Every structure is written in C-alpha cells, then in structure tokens.
Amino acid sequence: MGIDGNVILNVSNSRFYNNQASDVGGAIDTNIAGATAPQVTIMASTFGAVNDGNNARLGGALYVQQTAASGSLSISDGSLFVGNTAAGLDGGAIRLYGTRLVNIDDTIFGGLGLGEGNTSGFWGGAISINEARVGAGNSVTISNSRFLGNVAAGDGGAINIAVSYTHLRAHETSLHL
C-alpha cells in the first residue's frame, strides 16, 4: 500500500504478511508531505509471520517519510513485527525518515524462535530512524515493548537512531538477542 500526500492513516486489527516492494515499505509506504500534522497510527496489528515476513530495500514492513514540521507515528495495543527484512539497507521492520514524534507502546519486534527476528542489511535490525526535524520537541518514546532476536549487518541490532533527538525514552522495554 503506497500513500502520498497530507493524510491521517489509521491501521487497526490488521495483518500484513508476505508482501514485497523493490524500494521502500514492504507492506506500507507513506510519503506524507505538507504543512499540516500528518499522523500514522497502528494499533493491534501484525506485520510478518504466517507464511513469511514483508520485504523491501528500506523498511521491510513499514516506511514512514514525513516532511511536515510536526508529523507523528504511534504504534500500540499489542502490535507485532516479526520476520521482516530490509535486505538492501535500513530498518528490518520500520524505517522512519523525518518523523518528529514517535511513540511505541506494547509492541513486540521479533520473536522467541530462531529466524523470527527482523533483519537489516545495514542499520537497525528492527527500527532505523533518520533525518529528524531540527528543533526542540523531537522525541522517541518506547514503553512496555520487547525487541527479541533482531539483527543488523551494521549498527543497531534492535534500534539505530542516526540523528539527534531532544528526548529518547525507553520505559519497561527489553532488548534481547
């Protein structure tokens, strides 16, 4: 699913698996531009597993690019990212570009068995975050979440943040290989 323009995207109780893109966002690609506040919200949804994970060069399951000054991404309510691959570059499960506010709660990246983690050919086995909006107010908050068995060929087996954020918070979150 490719989405361009000024939108609010809500995904709830959905399943995405065995999807493939040659460039970005194996399951969902958003390129959200404009002066308003674009929002991407994912609740109680699964990306990967069943037959196979999702696959793309950047953001194996999800690619979010936001060029507005106040974009946000929220993932919650037992969402699961398992077995997704960014074979070419960054973000085995998720690649974020220009996203100002990121809130992840009650989400699992990877799994308990071998090969169930998300994999990246370069940065961020589960999540890669690049090019934040410049200025105060940028934040990444991850709470009540688990990262299990994610692998990156380069930096950040679970998470790679390649920009400066005003706040990075991890609360009741575990990172495991």
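Above: the structure in question.
Every chain begins its residue count from 1, and numbering advances along the sequence as written. Reporting of local features is limited, given that this is a predicted model, to residues whose pLDDT is at least 70; pairs of side-chain atoms are given and counted only at 80 or more, and all residues count toward the totals for whole chains, interfaces and linings. Hydrogens are left out, water is left out, and the side-chain values use all remaining heavy atoms of the structure.

Q: Can you lay out the pairing of strand β17 (residues 139–143) for me, pointing to particular residues and giving the numbers?
A: Between buried and exposed lies partly exposed: a residue is buried under 20% and exposed over 50% of the maximum accessible area for its type, with that area taken using a 1.4 Å probe on protein chains only. Secondary structure is summarised from DSSP: a helix means a run of H or I of at least four residues, a strand means a run of E of at least two, and numbering begins at the N terminus for each. The element β17 is extensively covered by neighbouring structure, given that five of its five residues are classed as buried. Burial of the side chains of β17 extends over both faces: S139, T141 and S143 are buried on one face and V140 and I142 on the other. Both strand β13 (residues 101–105) and β17 contribute to a ladder of five bridges, which runs parallel. The partner of I104 across the bridge, within β17, is I142. Two strands are counted as paired when DSSP detects at least two bridges linking them.

Q: Explain the pattern of salt bridges to me, and be specific about the residues and the numbers.
A: Each salt bridge in this description consists of a side-chain nitrogen of Lys or Arg and a carboxyl oxygen of Asp or Glu lying within 4 Å of one another. The full count for this structure, using the stated rule, is two salt bridges. The partner of D23 in a salt bridge is R57, and the shortest N-O contact between them spans 2.7 Å. Here D23, found in the loop between β3 (15–16) and β4 (28–32), pairs with R57, found in the loop between β7 (55–56) and β8 (62–66); they are 34 residues apart in sequence, far enough to count as distant. Judged by its relative accessible area of 36%, D23 is partly exposed. Accessibility expressed as a relative area gives 32% for R57, which makes it partly exposed. The partner of R95 in a salt bridge is D90, with the nearest N and O atoms 3.4 Å apart. This pair shows no difference in class: R95 is buried, exactly as D90 is.

Q: Tell me about the sheet that holds strand β19 (residues 151–152), residues and numbers included.
A: In a beta sheet, neighbouring strands are held together by backbone hydrogen bonds and run either parallel or antiparallel to one another. Ordered by their spatial adjacency, four strands build an open sheet running β7-β11-β15-β19, and the pairing between neighbours is parallel. Strand pairing shows two members of the sheet lacking a second neighbour, β7 and β19, which therefore form its edges. As paired elements, β7 and strand β11 (residues 85–86) share two bridges and run parallel to each other. Across the sheet, A56 pairs through a bridge with A86, a residue of β11.

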